[in-house]
Amino acid sequence: MGLLLPLVLLGVMFYFMIWRPQQKQQKERKAMLDSLKKGDKVVTIGGIHGELTALKEDYVTLKVADKVEIKLSRSGISHVLK
């Protein structure tokens, strides 16, 4: 019984310090990616800034300059600029 209590406490600490915040962060990221719309200004994971011109289920088209558009995976978007 005395050896079981520290293991249970360690499990509870692991859940509240690692598992739960990670799940919350994943939900927020999924909500951000699902709410993307044409005209949003975004930054990619690689640091490229641009404006969304087309959205498909798996990828987006990003306008980075006049007459320059790139296609990238939807998961490659880091965040939306306000």
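Look up: the structure comes first, before these words.
Residues numbered from 1 in each chain as written. Predicted model: local features only at pLDDT ≥ 70, side-chain atom pairs only at ≥ 80, totals over all residues. Heavy atoms only, no water.

Enquirer: Any chance you could break down a nonpolar patch on the surface for me, citing the residues and the numbers?
Expert: Among the surface-exposed residues, L4, L7, V8, L10, V12, M13, F14, Y15, F16, M17, I18 and W19 lie close enough to one another that they form a single nonpolar patch of about 1,200 Å² accessible area. Mapped onto the elements of the fold, I18 is located in helix α1 (residues 4-34). Overall, the relative accessible area of 45% leaves I18 in the partly exposed class. (Patch = residues over 30% accessible without salt bridge, like charges linked within 9 Å, V, L, I, M, F, W, Y side chains within 5 Å. Areas by Shrake-Rupley, 256 points an atom, 1.4 Å probe, with all protein chains shown as cover. Salt bridge = Lys/Arg side-chain N within 4 Å of Asp/Glu carboxyl O. Helix = DSSP H or I, 4+ residues; strand = E, 2+ residues; numbered from the N terminus. Buried < 20%, exposed > 50% of the residue type's maximum accessible area, 1.4 Å probe, protein only.)

Enquirer: Run through the packing of aromatic side chains, naming residues and quoting values.
Expert: A full pass over the atoms with the stated rule returns one aromatic pair. Between Y15 and F16, the ring centres sit 5.0 Å apart and the planes meet at 80 degrees, which makes this aromatic pair edge-to-face. Across from the ring centre of Y59, 4.7 Å away, lies the NZ or CZ of K71, which sits over that ring. (Phe/Tyr/Trp six-rings, centres within 6.5 Å; stacked < 30°, edge-to-face > 60°. Lys NZ or Arg CZ within 6 Å of the ring centre and 35° of its normal.)

Enquirer: Explain the side chain of T61 to me, using residue names and the numbers behind them.
Expert: With respect to the helices, strands and loops of the structure, T61 is situated in strand β3 (residues 59-65). With residues up to four places along the chain from it excluded, the contact list for T61 reads E51, L52, T53, A54, E69, I70 and K71. (Contact = heavy atoms within 4.5 Å.)

None of the figures reported here should be taken as evidence of function without further support.
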